[in-house]
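Okay, here's what each chain looks like letter by letter:
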Protein chains: 2
Amino acid sequence: MSPPRSNTKDAILDTAESLLQERGFNAFSYQHISEQLGVKNAAIHYHFPNKAGLGVAVIERYNRNFHDWVARHQQRGTKPLAMLRGYFAIPLRFMRDGQKACPLGVLEAEFGAIPDPMRDAVRTLDADIRGFLSEALEQGRQQAVFQFNGTAQDKALLVVSALQGALQISRAAGTKAFMTVIRQIERDLGVEEQRDKISSQSLLVSR
Amino acid sequence: MSPPRSNTKDAILDTAESLLQERGFNAFSYQHISEQLGVKNAAIHYHFPNKAGLGVAVIERYNRNFHDWVARHQQRGTKPLAMLRGYFAIPLRFMRDGQKACPLGVLEAEFGAIPDPMRDAVRTLDADIRGFLSEALEQGRQQAVFQFNGTAQDKALLVVSALQGALQISRAAGTKAFMTVIRQIERDLGVEEQRDKISSQSLLVSR
DNA sequence: TGGTGTTTACTTACTAGTAAGTAAGTTTAG
DNA sequence: CTAAACTTACTTACTAGTAAGTAAACACCA
């Protein structure tokens, strides 16, 4: 009764997501995917008739995974600081995993050259991420673990912007740049800088 | 005696830069340029034999213009706060001019899919911009007009990251997002928020 | 001053490669 | 035996890039 899951479809999404983060939407092709997967061009068209649909599917899956991640942490009552650091760990993984960029940043950089349905999906993803972060920041402020001026929404926007920019700049300037920005963000939130030698590593892999 | 300046070459660079900021490097073609300019494909190849060379030329010209801008302000002794706001005005113009992204951000987003010589040019541009901003921040701190923790280099990195990210996010989330980030950055630098209704507009067009 | 190269700035007309996308046939598992 | 998951073989459109030709401006010299 359950759908006869082919794992090719998921493999296509995995590969597309990876290529998106490495090259951007307009610089990867069905050929790139099919070669990496060892299937033929048309196999991808079977699962995703056109590239816009594939793009939307990648973004929506990414957003679903993000929501699941948030839900998991909310269920187990993760505290604001751990939440923030868990969130930092996402782009950090991208960076370590072959200098990948964040999908949101890539797609917003190419915003003028992606299909309309993808733009809508990007807007949704952007709103959802900022919504999550706003909550975490606001909670942290109420619990006196973060200090900042202005609304939590504004601060969340600044943090997301900085992370997104930093991840991109790190591709040109190296990994250290990203760590620096994270440290600076925490500093600006009034988060105690425990550790000093061990710091950056263990601090951020979190979970 | 002076070189017989053709303005086609400059027009090509203008168009390429504009297309780069709107669509990204891999989503614009020689056709796009030639159509917009009313010349033929091959005319562009005459001035820029290959696309990598065109890309490098765009970045290097952008960097030269940036250096000229900095030099002009240094000569007339522009103060740190005005310097900072003048710098903010650059991406602000991009945003108002048809939701363009910053060339640096676009190219770093596509970093995995641009030719090597372009990567070098991007690295140089990135270093130069951060170098300028570090100086302005450091001077401002010495003159007690900015307050921040950590090195000026680290703070500059955060500011550049945030601006770059914010400019991209504004394409999905609207102009207001960018203004918000600028306000938040100034707040974090301890800059007095004069005005309240007139604010954002007149505050930022600067000069 | 006039004629003769030469250079600049293109156009016309092409190539080879790659892009997304499709139609029709084949394999395989339930 | 049927439907899902492909492959084979193709099309159309665009990509960067090239080769060869041309018109006009310039450079130099007698």
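For the structure itself, look to the data block above.
Per chain, residues are indexed from 1 in the order of the written sequence. Here every chain gets a letter starting at A, and every ligand a number starting at 1, in the order they are written. Given that the model is predicted, a residue must reach a pLDDT of at least 70 before its local features are reported, and side-chain atom pairs must reach 80 or more before they are shown or counted; all residues, however, enter totals for whole chains, interfaces and linings. The side-chain numbers reported here are obtained from all heavy atoms of the structure, hydrogens and water having been left aside.

Q: When you look at the pattern of salt bridges in this model, what are you seeing that I'm missing?
A: Where charged atoms from two side chains of opposite charge come close, those side chains can pair. A carboxyl oxygen of Asp or Glu within 4 Å of a side-chain nitrogen of Lys or Arg is what we treat as a salt bridge. The tally for this structure, following the rule as stated, stands at 18 salt bridges over all chains. A salt bridge links A:Asp188 to B:Lys155; the shortest N-O distance between them is 3.2 Å. Within this pair, whereas A:Asp188 is found in helix H9 (residues 175-188), its partner B:Lys155 is found in helix H8 (residues 152-173), the two belonging to separate chains. Using a relative accessible area of 22% as the deciding quantity, one classes A:Asp188 as partly exposed. With a closest N to O distance of 3.2 Å, B:Arg61 and B:Glu17 form a salt bridge. Within this pair, whereas B:Arg61 is found in helix H4 (residues 51-75), its partner B:Glu17 is found in helix H1 (residues 7-23), the two being separated by 44 residues in sequence. Think of it in three bands: residues with accessible area under 20% of the maximum for their type are buried, residues over 50% are exposed, and the middle band is partly exposed, with areas taken using a 1.4 Å probe on protein chains only. With relative accessibility at 13%, the residue B:Arg61 sits in the buried group. Put simply, DSSP H or I for four residues or longer makes a helix, DSSP E for two residues or longer makes a strand, and each gets a number counted from the N terminus.

Q: What is the right way to look at the packing of aromatic side chains in this model?
A: Two descriptors summarise a pair of aromatic rings, namely the distance from one centre to the other and the angle between the planes of the rings. Residue and element names in this part refer to chain A. Paired rings are identified among Phe, Tyr and Trp, the last through its six-membered ring, by centres lying within 6.5 Å, and are further divided according to the angle between planes into stacked (under 30 degrees), edge-to-face (over 60) and tilted (the rest). Applying the stated rule across the entire model yields 14 aromatic pairs over all chains. Consider the rings of Tyr-87 and Phe-88, whose centres lie 6.5 Å apart with planes at 45°: the pair is tilted. Pairing Tyr-87 with Phe-132 gives two aromatic rings, centres 5.7 Å apart and planes at 55°, and the pair type is tilted. Residue Tyr-87 is found in helix H5 (residues 80-96), and its partner Phe-132 is found in helix H7 (residues 116-142); the two are separated by 45 residues along the sequence. Accessibility classification places Tyr-87 together with Phe-132 in one group, the buried group. In this structure an aromatic cluster arises from ring pairing among Phe-66, Trp-69, Tyr-87, Phe-88 and Phe-132.

Q: How do you make sense of helix H9 (residues 175-188) of chain B when you look at a structure like this?
A: Note that an α-helix has 3.6 residues per turn; residues three or four places apart therefore point the same way. All names here are of chain B. In a regular helix each residue adds 1.5 Å, so 14 residues correspond to 20 Å; H9 covers 21 Å between its end C-alpha atoms and thus fits that length. Of the residues making up H9, those classed as buried are Ala-177, Phe-178, Met-179, Thr-180, Val-181, Ile-182, Gln-184, Ile-185 and Glu-186. At the exit of H9 stands Gly-190, carrying a positive phi of roughly 75°. Here, expected helix span is obtained from the residue count minus one, scaled by 1.5 Å.

Q: What am I meant to see in the nonpolar core here?
A: Within soluble globular proteins, side chains that are nonpolar tend to cluster in buried spots. Core analysis: the biggest nonpolar cluster contains 132 residues, and A:Leu54, A:Tyr87, B:Leu54 and B:Tyr87 have the highest contact counts within it. The residues touching B:Leu54, leaving out its near neighbours within four places in the chain, are B:Ile12, B:Leu13, B:Ala16, B:Phe28, B:Tyr30, B:Ile33 and B:Phe48. What we call a nonpolar core is a set of buried Ala, Val, Leu, Ile, Met, Phe, Trp, Tyr and Cys residues that are connected through their side-chain atoms within 4.5 Å. Whether two residues are in contact is decided by their heavy atoms, any of which lying within 4.5 Å being enough.

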